[in-house]
Structure formats: structure tokens, C-alpha cells
Amino acid sequence: MQQTFQLNSQNYHSKEANQHFMSVSQFKSAMECEAAMIAELKGEYTRPPSPALLVGSYLHAAFESEQAFADFFEQERDSIINTRGNMYAPFVQADDMIQTVKNDKFCMFALEGDKEVIMTGELFGAPWKIKIDSINHQRATFTDLKSTQELGKRYWSEKYSGWVSFVQAYDYVLQMYIYREIIFQNTGRYYDPYIVAVTKETPPDKAVLHFDSERFSFEQEYVQTLLPSVIDAKQGTKKAHRCEKCAYCRGTKVLKGTFEIEYLLD
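What you are looking at is a predicted structure, and each value in this text was computed from that prediction instead of being measured.

## Some remarks on the overall build of the chain
Right, on to step 1. If you tally the helices and strands in the chain, you get 12 helices and seven strands.
Right, on to step 2. In summary, the chain has a C-alpha radius of gyration of 20 Å against a globular reference of 18 Å for 266 residues, a match within 12%.
Right, on to step 3. Counting only C-alpha atoms and orienting by the principal axes, one finds that the chain spans roughly 60 × 50 × 40 Å.
Right, on to step 4. Buried positions account for 41% of the 266 residues belonging to the chain.
Right, on to step 5. For the chain, contacts bridging at least 24 residues in sequence account for 61% of all contacts bridging at least 6.
Right, on to step 6. For the chain, the exposed area adds up to about 15600 Å²; of that, 50% sits on carbon and sulfur atoms.
Right, on to step 7. Charged side chains of the chain number 29 positive and 36 negative; the gap between the two group centres comes to 3 Å.

Here it is as C-alpha cells:
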């Protein structure tokens, strides 16, 4: 598929880029609720601000470059510093997490490489975009920095039909699969993915995680099976599915009848 949209760091998160390209975050949003994802693309819905997302961006900026971190701090100063000149607690915690990673030589070794690298490719008939936290072409590796509550916390997953770690619960295996495939299309080589994980505990815990490549077969089948519905919704050839549970669906729900109380727990 020939791509006419020229992607760069300035327009990566733009409405036009999101309309043209599929991304991991967009696909994950569609798995939660197609209707909400489509409404966002059309500019009809804006997700409520997420403090956790802002803290995550703060964390990532710290490992991109000193300039990127300084720019982010100035841009979000009012969200980071209170009127008395003190940092809000989540950012004090984030600073502890940053120092935990920076003080660990192995974590920093895993994060060595080019930062915030943009690549595009095609999977299952759709153009995709990715932005890689850190990629090391000499070692043929790429690494993503993730924060989590506890390394060993368990989450119930409908997708995997069982208890899973935060890595599966937040679809980071899916992310690594997509990134790995797009990197292969751009380099001709399969790079090994890693996650540098740091926790929100006091003091923070940390780990460098790798992936058994056999995990990616499930993710490939999962994306290949569900992506056509998302593409059809983006192209307007089908009505986007509503989850009837998210903020967007609650705010736009129109009742047309009743249902028996048994279905309250569905």
C-alpha cells in the first residue's frame, strides 16, 4: 500500500495521522469501544484528562533527552507544580522512579539507543505507525519503559481467559508484536523486545523483561481476526460497535426499551 502521508514528530499525534494510520493505542481503544475510538477520530469526543497518562509522559521525557524533559516540564508546569511551588505527589513519586532506573546500570544499558524513533509499515491491509522509546540497531533490540503498581500484581483478563501480569493486562505483548513486525519491515531483521519496568512503590522496584517469541503467535492471530472490524468502522462501511459501558457510551446512550435484571451483571 503506497502511503502519501508524511509522518514526523510534529504531526505524529495529529488527527490526520490518526485517521491515516492504525496504531497500537488506537487498536487498543477500539478493543475497549469502537464507537468511542471513532468519535475521537472525528473530534466528537475527547477523553477526560488522565493524571496517570501525564505522569507517564513525564517519566518518558526524562529518558528521551534533557531538552525534551525541560520542554515537557515547562509545558505542563501548572500540572506539575502547585501554587506554593511544590511538586504534586505523583510527580515526586515519578522522580523517585526516574532515579531508580537511572541509578541501575543494567536498566540504563537496556535503554541505550536512539530515542522516540518513528517507523511506519503495513499489517493486514492497514498502514501502521509506531514510535519506539529506544532502539539499538547494533544489538538489534528495542526497549520500552513502563511503570506499574507492583511487578507481581495479578489482573484478570478476558482476552487470555485467566490471571495475567501487568504486561499482558495492558496489552504490552501486543505492542511488542506490532513494533517487532514494523521494525522488521524497515530493517529486514527481527529485533528483540524488552521492557524496563519500574513500580510506583516506595521505594520503587524495577526489572528488565524479555519475551518468549512464541507469545507473538497469539497476538498475530488476535490482531488479524479483529482488525477488519476496526478498519471497516474507520472507513465508515459499518457502524462502530458500542460497548455501552465507557464514558462516551454513557454520555450518548439513548434508551429504547427495558432488559431483565439478570443482564445488569453482563
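Let us keep going from here.
## Some details on the environment of Val24
Right, on to step 1. Mapped onto the secondary structure, Val24 falls in helix H2 (residues 24-32).
Right, on to step 2. The class for Val24 is buried, based on a relative accessible area of 6%.
Right, on to step 3. Considered as a pair, Val24 and Ala68 are 44 residues apart in the sequence and their alpha carbons are 23 Å apart.
Right, on to step 4. Sequence-distant contacts of Val24, that is, excluding residues within four places in its chain, are made with Trp128, Leu174, Gln175, Ile178 and Tyr179.

## Overview of the packing of aromatic side chains
What characterises a pair of aromatic rings is the spacing of the ring centres plus the angle enclosed by the ring planes.
Right, on to step 1. The final tally for this structure, using the stated rule, is 16 aromatic pairs.
Right, on to step 2. Arranged with centres 6.4 Å apart and planes meeting at 35°, the rings of Phe142 and Tyr179 form a pair that is tilted. With Phe142 in strand E3 (residues 141-148) and Tyr179 in helix H10 (residues 172-187), the pair connects residues that are 37 residues apart, well separated along the chain. Accessibility assignment for this pair places Phe142 and Tyr179 in one class, buried.
Right, on to step 3. Through pairs of rings, three or more aromatic residues link up here, namely Phe27, Trp128, Tyr160, Phe218 and Tyr222.
Right, on to step 4. Its guanidinium or amino end placed over the ring of Tyr12, Lys129 lies 4.2 Å from that ring's centre, counting from NZ or CZ.

## Some details on the pairing of strand E2 (residues 126-136)
Right, on to step 1. With respect to burial, E2 is a largely interior element, 11 of its 11 residues being buried.
Right, on to step 2. When strand E1 (residues 114-123) meets E2, the two strands line up antiparallel, connected through nine bridges. Its bridge partner being in E2, Val117 is matched across the sheet by Ile132.
Right, on to step 3. Hairpin geometry of E1 and E2 is characterised by an intervening segment of two residues between the two adjacent antiparallel strands and by a positive phi of about 55° at Phe124.
Right, on to step 4. Remark: four residues form the turn of the hairpin made by E2 and E3, two consecutive strands paired antiparallel; Ala140 in that turn has positive phi of roughly 55°.

## Observations concerning the packing of H2 against helix H3 (residues 34-41)
Right, on to step 1. Relative orientation of the contacting elements H2 and H3 amounts to 135°, with a least axis distance of 5 Å. Classified by the angle between their axes, H2 and H3 sit oblique to one another. Contacts between H2 and H3 involve Gln26, Ser29, Ala30 and Glu32 from the former and Glu34, Met37 and Leu41 from the latter.

## Here's the deal with the side chain of Asn82
Right, on to step 1. Positionally, Asn82 belongs in the loop between helix H6 (77-80) and helix H7 (89-102).
Right, on to step 2. Residue classification places Asn82 among the buried positions, given a relative accessible area of 14%.

## Section: a nonpolar patch on the surface
Right, on to step 1. Together, Phe259, Ile261, Tyr263, Leu264 and Leu265 make up a nonpolar patch on the protein surface, roughly 650 Å² of accessible area in all.
Right, on to step 2. Looking at the element boundaries, Leu265 is found in the segment after helix H12 (247-252).
Right, on to step 3. Given a relative accessible area of 80%, Leu265 falls into the exposed group.

## Thoughts on the pattern of salt bridges
Right, on to step 1. Taken as a whole, this structure holds nine salt bridges when the rule is applied.
Right, on to step 2. A salt bridge links Arg77 to Glu74, with the nearest nitrogen and oxygen atoms 2.7 Å apart.
Right, on to step 3. Between Asp171 and Lys159 there is a salt bridge, with its nearest N and O atoms 2.6 Å apart. Of the two residues, Asp171 is situated in the loop between helix H9 (166-169) and H10 and Lys159 in the loop between strand E4 (155-157) and strand E5 (162-164); the sequence distance between them amounts to 12 residues.
Right, on to step 4. Its relative accessible area of 12% is what places Asp171 among the buried residues.
Right, on to step 5. Judged by its relative accessible area of 22%, Lys159 is partly exposed.
Right, on to step 6. A single network of salt bridges, built from pairs that share partners, joins Lys159, Asp171 and Glu219.

What counts as what
Counting restarts for each chain, with residues numbered from 1 along the sequence as it is written. Note on the predicted model: pLDDT of at least 70 is required for a residue's local features to be given, and 80 or more for side-chain atom pairs to be given and counted; whole-chain, interface and lining totals, by contrast, use all residues. The basis for every side-chain value is the complete set of non-hydrogen atoms in the structure, without hydrogens or water. Helix numbers and strand numbers start at the N terminus; a helix is a DSSP run of H or I with at least 4 residues, a strand a run of E with at least 2. We compute the radius of gyration from the C-alpha atoms alone; for a globule the expected value is 2.2 Å times N to the 0.38, where N is the number of residues. With a 1.4 Å probe rolled over the protein chains alone, any residue whose accessible area is under 20% of its type maximum counts as buried; one over 50% counts as exposed, and the rest are partly exposed. Contact definition: two residues touch when any of their heavy atoms are within 4.5 Å. Each accessible area value is a Shrake-Rupley result obtained with a 1.4 Å probe; residue values ignore everything except the protein chains displayed when judging cover. All tallies of charge rest on Lys and Arg as positive and Asp and Glu as negative; His and the ends of each chain are not included. Charged side chains are reduced to one point each, which is NZ for Lys, CZ for Arg, CG for Asp and CD for Glu. Aromatic pairs are defined between Phe, Tyr and Trp rings, using the six-membered ring for Trp, whenever the two ring centres lie within 6.5 Å; interplanar angles under 30 degrees are classed as stacked, those over 60 as edge-to-face, and all others as tilted. Lysine and arginine charges are scored as sitting over a ring when NZ or CZ, respectively, is within 6 Å of the ring centre and within 35 degrees of the ring normal. Between any two strands, pairing holds if DSSP finds at least two bridges. With axes taken as lines fitted to C-alpha atoms, and helix axes fitted only over the stretch in contact, angles between N-to-C directions fall between 0 and 180 degrees. Angles are sorted into four bins: roughly parallel if under 35 degrees, roughly antiparallel if over 145, roughly perpendicular if 65 to 115, and oblique for all others. Residues form patches when they are more than 30% accessible in relative terms and have no salt bridge. Like charges link within 9 Å. Nonpolar side chains (Val, Leu, Ile, Met, Phe, Trp, Tyr) link within 5 Å. We count a salt bridge whenever a side-chain nitrogen from Lys or Arg sits within 4 Å of a carboxyl oxygen from Asp or Glu.

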